[in-house]
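Architecture and fold: a report
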Amino acid sequence: MALQKAVTKIVYGEQLVFDEAYHQITSITGNKHQIEMQLTTYKNANKDTVLSNKTYLFEPSQADNAARWDKQGYEYLKTTDEFADAIDV
């Protein structure tokens with residue numbers, strides 16, 4: 001699972017838009033109180049060009065029927081302004 005959402009970057013003073021940017025959780029650690037996840041953004045789903053790496057924190061659900069932490073991570077990301085209109089891929 002990953003998210004797809006366009007990303008705009010300024011490279012050497014030029015604005016570039018990566019319409020097929022692919023956002024994937026590449027590391028996840030934590031405990032029942034706090035999860036830290038590393039999100040890697042690639043140019044596209046081929047994952048041959050890394051655009052950025054960011055760290056996000058969230059509190060996971062402990063409900064008996066809760067999704068795995070990685071799935072909760074993607075759901076958390078979609079609640080942020082940055083990824084509000086991202087699509088699951």
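Above this text is the structure in question.
Residues numbered from 1 in each chain as written. Predicted model: local features only at pLDDT ≥ 70, side-chain atom pairs only at ≥ 80, totals over all residues. Heavy atoms only, no water.

With a phi angle near 50°, Tyr12 is a residue other than glycine that sits in the positive phi range. Among the structural elements, Tyr12 can be located in the loop between β2 (7–11) and β3 (14–18). Even without being glycine, Lys47 reaches a positive phi, approximately 60°. Mapped onto the elements, Lys47 comes out in the loop between β5 (35–42) and β6 (50–58). (Helix = DSSP H or I, 4+ residues; strand = E, 2+ residues; numbered from the N terminus.)

Three or more residues of helix α1 (residues 69–77) are buried, namely Gln72, Gly73, Tyr74 and Leu77. Contacts made by the buried residues of α1 are with β1 (3–4), β4 (22–30), β5 and β6. (Buried < 20%, exposed > 50% of the residue type's maximum accessible area, 1.4 Å probe, protein only. Contact = heavy atoms within 4.5 Å.)

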